[in-house]
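Observations on chain architecture
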Amino acid sequence: MDVSAMHYKPFGIRNKASRCSNILIGSMALNVGLIFGVVAFYSPEMSLGSAGVVSARGFTTVPARTSKTACRATVLEPPLVTDKSKEIFAEAKNLMPGGVSSPVRAFKSVGGEPVVFDRVKGAYAWDVDGNKYVDYVGTWGPAIIGHADDTVLGKIKETMEKGTSFGAPGVLENVLAKMVIDAVPSVEMVRFTNSGTEACMGMIRLIRAYTQREKVIKFEGCYHGHADSFLVQAGSGVATLGLPDSPGVPKAATQGTLCAQYNDIESVKKIFEDNKDEIAGIILEPVVGNSGFIPPTKEFLQGLRQLCDENGAVLVFDEVMTGFRIAYGGAQEHFGVTPDVTTMGKVIGGGLPVGAYGGKKEIMEMVAPAGPMYQAGTLSGNPLAMAAGIATLERLKQPGTYEQLDKNTGKLINGILDAAREAGHDVCGGHISGMFGFFFAKGPVNCFADASKSDTEKFAKWHRGMLERGVYLAPSQYEAGFMSLAHTEEDINNTIEAAKEVFKTL
């Protein structure tokens, strides 16, 4: 029997030397194998409460039940073997800062070293040591229909035959642009970029040019890329690594960035009062994902819309994470509040580098070459990214897509929260469609100040325990998680059972 190919299969087990008999095996047939001197009896219908677990690495020690006499099995569980990952990462640290191309990947906030991925497919990832994981990071959001989807790959290959980059107008830009405009309520015209950071850089320059004002309001813990103007009380890696601000950012670059508290409309009103006729706009994550998962109240979003209208400011939703993720039309469709400008990324590239910003036509016509506000990019509108985005959005338009995401994500997050509660831990969280998150705190969490009260040390231990059981989660308390259409009910059930095991060890 090939244990390495198995993933969370429930086993009833007993010690080879045990005299206990009459092991209950459920209604399934026996599979008998001699592994590490242990006879394992396999029954997929047995619950983890009455049986052991075999993951991609081996066995967990648990009691086995008999019909007459209870006995405890003694089995071996090899630790997570990541020798190749360690070797590659050790080399990487001499080649790249911290050994990574983006800070959160380094696992600094959860301890240990990151596993190095070799390949991904569907809901799963495999590292270079051959370990298999159920992946709830999904390349930080884009893999909403699953990794390496066959249809998406087919479209990329078909497009690649024509070339990998044009540096000139291409018809696929028109196709994806029309799909975005049709889907997102605020977008009448769109400009493609190569990343969410680029999209936000273009956006802030645009709203300042349009309003002829310099000051912008952002929110504590919200992340809008690594442009100088936004690295003030930011989330994502800045929060993960505990960096208050980034060295190298000139004071002048952030003097026009004013910070308010998320979900606190009064803090925003005060900024407007203190800076009358000086605010170009408000930018926010309509659902925070870069400080963990923090949803807004609808009244908060409505209040922001009203304040912008009253003060001649532009309302911007940064939907790099929520766009096409929590609804086909993004958070603005979900909450029924329409901004003036929207930034996008992740999902619209189908896993390839992409970003976009769009909005009302009168605002977007300020962008060069239609207007004087300059922004450009060599690889913007790349045909491979456009093809992948088109194929992804076509899949997302199919009936039942978001209902499936909501159902499965709800089951996952509720299962994890229930498991924590049963084990006596304070954990709170929630989800909207295929986006979720939880905090190791009693809660509720309505802003970054609330999130920062989380027990990050306990989260780190839990994260490591889940990783060792084949569940790959964001290596930070301050990042959201993502469900895909490729995740199965079995994946979710196994994840919940793993969570129960790990919570009991904390």
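Now for the overall build of the chain. Across its full length, the chain holds 15 helices and 20 strands. When burial is assessed residue by residue, the chain has 56% of its 506 residues classed as buried. Put simply, of all contacts in the chain between residues at least 6 apart along the chain, 71% involve residues at least 24 apart. Surface accessibility of the chain: about 21900 Å² in total, with carbon and sulfur atoms responsible for 51%.

Ranked by internal contacts, the top residues of the largest apolar core, which has 68 residues, are Tyr136, Phe324, Leu396, Phe438, Trp462 and Phe503. In this structure Phe324 touches Ile144, Val180, Ala183, Val184, Gly330, Val347, Ile348, Leu393, Leu396 and Tyr402, once residues within four positions along its chain are discounted. Within the second largest apolar cluster, 40 residues are counted, among which are Ile294, Val337, Met435 and Val445.

One open sheet accounts for seven strands, arranged S10-S16-S15-S14-S13-S11-S12; its pairing is mixed. Each of the sheet's edge strands pairs with one partner strand only, and the pair in question is strand S10 (189–193) and strand S12 (257–260). Within this sheet the neighbouring strands show an average axis-to-axis angle of 20°, counted without direction. Both strand S14 (residues 314–318) and strand S15 (residues 341–345) contribute to a ladder of three bridges, which runs parallel. Counted as the bridge partner of Asp318 is Thr343 from S15.

Next up on the list: the confidence of the model for the chain. Detailed conclusions should not be drawn from predicted coordinates in areas where pLDDT is low. Averaged over every residue, the pLDDT of the chain is 85; the share at 70 or more is 82%. For residues 1–77, every residue scores under 50 in pLDDT, and the model assigns this stretch 152 contacts once sequence neighbours within four places are set aside. This model gives residues 235–244 a pLDDT under 50, and the stretch forms 24 contacts once residues within four places in sequence are excluded.

Quick look at the packing of aromatic side chains now. The description of an aromatic ring pair rests on the distance of the ring centres and on the angle between the ring planes. Throughout the structure, instances matching the rule amount to 17 aromatic pairs. Taking the centre distance of 5.6 Å and the plane angle of 75° together, the rings of Phe219 and Phe300 count as edge-to-face. With a gap of 81 residues between them, Phe219 in strand S11 (residues 215–219) and Phe300 in helix H8 (residues 298–311) connect regions that are remote in the sequence. Grouping residues by exposure puts Phe219 and Phe300 together as buried. Above the plane of the ring of Trp126 lies Arg119, whose end atom (NZ or CZ) is 3.9 Å from the centre. In this structure, Lys132 is placed above the aromatic ring of Tyr124, and the distance from its NZ or CZ to the ring centre is 4.3 Å.

Relative to the elements of secondary structure, Phe482 occurs in strand S20 (residues 481–482). The buried category is assigned to Phe482, whose relative accessible area is 3%. Note: C-alpha distance between Phe482 and Gly138 (344 residues apart in sequence) is 6.3 Å. Non-local contacts of Phe482, meaning those with residues more than four positions away in its chain, are made with Asp135, Tyr136, Val137, Trp140, Gly141, Met321, Arg325, Gly434, Met435, Phe436 and His487.

What follows concerns H8. Because the α-helix completes a turn every 3.6 residues, residues three or four places apart line up on one side. With 14 residues, H8 extends 20 Å from end C-alpha to end C-alpha; this agrees with the ideal 20 Å at 1.5 Å per step. Within the span of H8, buried status applies to Phe300, Leu301, Gly303, Leu304, Arg305, Leu307, Cys308 and Asn311. If you follow the buried residues of H8, they end up packed against S11, helix H7 (265–274), strand S13 (279–284), S14 and helix H9 (330–335). Just downstream of H8, Gly312 is the residue with a positive phi angle, here 65°.

This brings us to the pairing of strand S17 (residues 428–432). Within a regular strand, the side chains alternate between the two sheet faces. Of the two faces of S17, the one lined by Cys428, Gly430 and Ile432 is fully buried and the one lined by Gly429 and His431 carries no buried residue. Alignment of S17 against strand S18 (residues 435–439), held across five bridges, turns out to be antiparallel. From the neighbouring strand, His431 faces S18, where its bridge partner is Phe436.

This paragraph deals with the layout of surface pockets. Volume-wise, the second largest pocket comes out at about 610 Å³. Lining the second largest pocket are 30 residues, and of these Glu173, Arg191, Phe192, Ser380 and Gly381 sit closest to its centre. Those elements giving two or more residues to the lining of the second largest pocket turn out to be helix H3 (171–183) and S10.

Tracing the sequence through the fold places Asn311 in helix H8. A distance of 2.7 Å separates a polar atom in the side chain of Asn311 from the backbone oxygen of Leu307. With sequence-adjacent residues up to four places away left out, Asn311 is seen in contact with Arg213 and Phe272.

Rules used throughout
Residues numbered from 1 in each chain as written. Predicted model: local features only at pLDDT ≥ 70, side-chain atom pairs only at ≥ 80, totals over all residues. Heavy atoms only, no water. Helix = DSSP H or I, 4+ residues; strand = E, 2+ residues; numbered from the N terminus. Buried < 20%, exposed > 50% of the residue type's maximum accessible area, 1.4 Å probe, protein only. Contact = heavy atoms within 4.5 Å. Areas by Shrake-Rupley, 256 points an atom, 1.4 Å probe, with all protein chains shown as cover. Core = buried A, V, L, I, M, F, W, Y, C linked by side-chain atoms within 4.5 Å. Pairing = 2+ DSSP bridges. Axes fitted to C-alpha atoms, helices over the stretch in contact; angles between N-to-C directions. pLDDT = per-residue confidence, 0-100. Phe/Tyr/Trp six-rings, centres within 6.5 Å; stacked < 30°, edge-to-face > 60°. Lys NZ or Arg CZ within 6 Å of the ring centre and 35° of its normal. Expected span 1.5 Å × (residues − 1). 1 Å grid on protein atoms, 1.4 Å probe; cavity = no way out; pocket = protein on both sides within 12 Å on 5 of 7 lines; lining within 4 Å. Points joined across faces, edges and corners; volume = space filled by probe spheres on them. Polar contact = N/O pair within 3.5 Å; in protein donor to acceptor, adjacent residues only side chain to side chain.

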